[in-house]
Amino acid sequence: MKRIIIVFGVLGILFSGCRQHAGEKSGEGNLKGTLRIIHAGSLTVPVKEIADAFRQENPGVRILTEAWGSKAGARRISELNQPCDVYMSADYKVIDRFLIPEHASWNIPFAGNEMAIVYHEKSRYAGEIDHLNWHEILMREDVIYGRSDPNSDPCGVRAVLTCKLAERFYEIPGLAENILSQHVNFIRPKETDLLALLEKNAIDYIFLYRSVAEQHGLKYVILPDEINLKNPDLNACYAEVDVEVLGTKPGETYREIGEAMVYGVTIPNTADNKSLAIVFVEFLLTEEKGLSIMRKNGQNTIVPASSDTYELLPEELKQFAKRTGK
């Protein structure tokens, strides 16, 4: 009898260890395990704050984060098989195009943003630039601006779309090409890579998200809704422009159509800690928790939003989305 009790005792310890590694609860409000998050560069500040808040509730959880341009981050999952439990993209369509269905099953849109022209007090003509003349100032010979790579980062795509929309809005033929042909040596993999260049006065302006500017205490030009890709009600207007970018396979390209920017989150199919990842995403999408942190950092939230993959969502997460068309 003693041997039997000992055997069951050992098995109990082993199964308990397995549950904790998988992210199951080991006590009320106290999870255990390691969570690996790959996220868009523009989410660096809010993700850190959300992770810190999550760890305050669950000190037994270790969270490892990596910031990439959203497309580059998705490719780390799809092409390099990098371990990842939660993936957060600055463009929900990156999840649809690069990860679903082989590498992920579902997608929850959860936040928005807007494009801005970002600068600081030492930028040339900082005292002059506004929503009417920003494109003229960017074209001045002594001004240098930066943007991110459209093939790696949605912000880079949106910089191109913003220029093309500006050409239409201001009715200046050739404006987009004239701007985009300048300073191509200051194109970087993700938009946040440009912040150091701005701080060192190597560049004067950045095509960047308004939220990132606010998080870093930078000045910015608020652009008209017709060109800032913020307002979903103007999607018909935004869709009048597009940009050609690299696809998921070598040599493949596709065209991205302009639309209001929407961030998305998913859990990859190969996640090591799916149960822990679900709890974290639930924390992220809860009004008084992750969403309040997102808004504090300058991003509007859109939960619940329509998801084409609603039926495939974990039951715990369906409350944060709705069926398309409803």
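The rules behind these values
- Residues numbered from 1 in each chain as written.
- Predicted model: local features only at pLDDT ≥ 70, side-chain atom pairs only at ≥ 80, totals over all residues.
- Heavy atoms only, no water.
- Phe/Tyr/Trp six-rings, centres within 6.5 Å; stacked < 30°, edge-to-face > 60°.
- Lys NZ or Arg CZ within 6 Å of the ring centre and 35° of its normal.
- Salt bridge = Lys/Arg side-chain N within 4 Å of Asp/Glu carboxyl O.
- Helix = DSSP H or I, 4+ residues; strand = E, 2+ residues; numbered from the N terminus.
- Buried < 20%, exposed > 50% of the residue type's maximum accessible area, 1.4 Å probe, protein only.
- Pairing = 2+ DSSP bridges.
- Contact = heavy atoms within 4.5 Å.
- Axes fitted to C-alpha atoms, helices over the stretch in contact; angles between N-to-C directions.

**Student:** Tell me about the packing of aromatic side chains, and please be specific about residues and values.
**Tutor:** Evaluated as defined, the whole model comprises nine aromatic pairs. One aromatic cluster is present, built from ring pairs that chain together W134, Y145, F169, Y170 and F207. Here the basic side chain of R97 rests over the ring of Y254, its NZ or CZ set 3.6 Å away from the ring centre. Of note, R140 hangs over the ring of Y125, and the distance from its end group to the ring centre comes to 4.4 Å.

**Student:** Explain the pattern of salt bridges to me, using residue names and the numbers behind them.
**Tutor:** Tallied over the entire structure, the rule returns 19 salt bridges. The shortest N-O distance in the salt bridge between E259 and K93 comes to 3.2 Å. Here K93 lies in helix α4 (residues 92-99) and E259 lies in the loop between β11 (253-257) and β12 (262-266), a separation of 166 residues in the sequence. We classify K93 as partly exposed; its relative accessible area is 41%. Of the charged contacts in the structure, one is a salt bridge between K230 and E114, with a shortest N-O distance of 3.6 Å.

**Student:** Describe the sheet that holds strand β5 (residues 115-119), listing the residues and the values that go with them.
**Tutor:** Within the open sheet, the five strands sit side by side as β7-β6-β8-β5-β9. Their pairing is mixed. For this open sheet the edge positions go to β7 (187-188) and β9 (219-222), each flanked by a neighbour on one side alone. Pairing between β5 and β9: four bridges, direction antiparallel. Counterpart to V118 in the pairing with β9 is Y220. Across the sheet, helix α6 (residues 154-169) lies against β5, β6 (145-148) and β8 (205-209), angled at about 110° from β8, the strand it touches most.

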